[in-house]
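Residue-level structure breakdown
These are the residues of each chain, in order.
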Amino acid sequence: MDGVATIYNNIGGLHEYQEEFEEALKNYKIALHYRELLNDQRGIASANNNIGNILDYQKKYPESLEHHFKALAINTKLEDKRGVAIANDNIANTYSHLGDFDEEMRYRDRALQGYEALGDQLGILGCIHSIADSFTKQKKYAAAYESYTNGLAIAKTLGARDRIADAYAGLAIVSAHMKQFEKAYTFDTLRNLMNDSLLNESSLQTIADMKEKYESEKKNNQIALLNKNAELDKEMHKRKALMRNIMIGSGILLVLLVFARYRFIHSLQVERIRNR
């Protein structure tokens, strides 16, 4: 049954990746059902988080919060620090979409503290960036600038180039709002350069993947051709052997016929001599 739950969870994940949210939700709910039958508390918490995220994508915020709070309660009881941090982060995301920034910041701070206790730098970076985005929405540009700057420093330390690009984008926006247009232009230029770098890297990776696929297909085709040639050679040898056997058999048959005819003629001659 655990395997069945995992399968439905994975199917849900695939549909979520493809943004087929109704199918994702259906499969996550089936996974939750099996987790509940197993009384798998950690699995139940994970399934509730997944369902909450899908409902958030669908803008069904009250339902989303209901599932995220269930996940938070279970993970708190299990003393699962990472699960608690993730649940708080998800709750903060939903409150952000509702425009309730006070509640967002309350749960975001809890998530940040959780990631800091775990030493999870990517989790910390994600929270800082979300806090900066929230400050920007609230037009608290100085606070947003500070958060984006902190996030940029962490992103550089981690070498997270996509996050570096995001930080530059945020700094460009808040600098423009603060009428610091020279800074805004500089940050926007840096963002473009980083995005171009990421695009080139992605293009190179795509080309490398295509080349690898081509080489793999070429190798497979060569193997298939060799196998085909081997089969043809084998068939040819069979035919040659068959022809050789036919010819040998025909030769033997001809010799036997000639010998039989010779004996027949010889017997006639002997009979004639006797009759004389």
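Below, the structure is looked at part by part.

Thresholds, definitions, all that
Residues numbered from 1 in each chain as written. Predicted model: local features only at pLDDT ≥ 70, side-chain atom pairs only at ≥ 80, totals over all residues. Heavy atoms only, no water. Helix = DSSP H or I, 4+ residues; strand = E, 2+ residues; numbered from the N terminus. Expected span 1.5 Å × (residues − 1). Buried < 20%, exposed > 50% of the residue type's maximum accessible area, 1.4 Å probe, protein only. Axes fitted to C-alpha atoms, helices over the stretch in contact; angles between N-to-C directions. Parallel < 35°, antiparallel > 145°, perpendicular 65-115°, else oblique. Left-handed = near helix turned anticlockwise from the far one by under 90°. Contact = heavy atoms within 4.5 Å. Nonpolar A, V, L, I, M, F, W, Y, C, P; charged D, E, K, R; others polar. Salt bridge = Lys/Arg side-chain N within 4 Å of Asp/Glu carboxyl O. Phe/Tyr/Trp six-rings, centres within 6.5 Å; stacked < 30°, edge-to-face > 60°.

Some points on helix α2 (residues 21-38)
The end-to-end C-alpha distance of α2 is 26 Å, a good match for the 26 Å that 18 residues give at a rise of 1.5 Å each. Within α2, burial applies to Ala24, Leu25, Asn27, Tyr28, Ala31, Leu32 and Arg35. Downstream of α2 by a residue or two, Asn39 has a phi angle that is positive, lying close to 55°.

Describing the packing of helix α3 (residues 41-57) against helix α4 (residues 61-78)
It is the contact of α3 with α4, at a shortest axis distance of 8 Å, that shows an interaxial angle of 155°. Taken together, the axes of α3 and α4 are roughly antiparallel relative to one another. Crossing geometry of α3 relative to α4 is assigned as left-handed. Note on element contacts: α4 touches α3 through Tyr61, Glu63, Ser64, His67, His68, Lys70, Ala71, Ile74, Asn75 and Leu78, opposite Gln41, Arg42, Ile44, Ala45, Asn48, Asn49, Ile51, Gly52, Asn53, Leu55 and Asp56. Grouping the amino acids of the contact of α3 with α4 by side-chain chemistry returns eight nonpolar, nine polar and four charged.

As for the packing of helix α8 (residues 141-158) against helix α9 (residues 161-177)
Helix-helix packing: each pair is described by the crossing angle between the helix axes and the interaxial distance. Between α8 and α9, the least distance of the axes is 9 Å, while the angle of their chain directions is 160°. As judged from the angle between their axes, α8 and α9 are roughly antiparallel. For the pair α8 and α9, the crossing hand works out as left-handed. From α8, Tyr141, Ala144, Tyr145, Tyr148, Thr149, Leu152, Ala155 and Lys156 reach across to α9, where they touch Arg163, Ile164, Ala167, Tyr168, Gly170, Leu171, Val174, Ser175 and His177. Within the contact of α8 with α9, the residues separate by chemical class into 11 nonpolar, four polar and two charged.

Describing the environment of Ala142
Checked against the element boundaries, Ala142 lands in helix α8. Between the C-alpha atoms of Ala142 and Ala132, which are 10 residues apart in sequence, the distance is 9.7 Å.

Thoughts on the pattern of salt bridges
Using the criterion set out here, one finds nine salt bridges in the structure. Of the charged contacts, one joins Asp89 and Arg108 as a salt bridge, the two residues approaching to 2.6 Å between their closest N and O atoms. Placement of Asp89 in helix α5 (residues 81-98) and of Arg108 in helix α6 (residues 101-118) is noted, with a sequence separation of 19 residues between them. For the pair shown, Asp89 and Arg108 are each scored as buried. A single salt-bridge network, built from bridges that share partners, covers Asp89, Glu104 and Arg108.

A few points about the packing of aromatic side chains
This model, assessed by the stated rule, comprises six aromatic pairs. Their ring planes at 75° and their centres at 5.7 Å tell us that Phe69 and Tyr107 sit as a pair that is edge-to-face. Here Tyr107 lies in helix α6 and Phe69 lies in helix α4, a separation of 38 residues in the sequence. For Phe69, a relative accessible area of 29% puts it in the partly exposed group. Assessed through its relative accessible area of 7%, Tyr107 is described here as buried. With centroids separated by 5.9 Å and ring planes inclined at 20°, the aromatic side chains of Tyr95 and Tyr107 adopt a geometry described as stacked.

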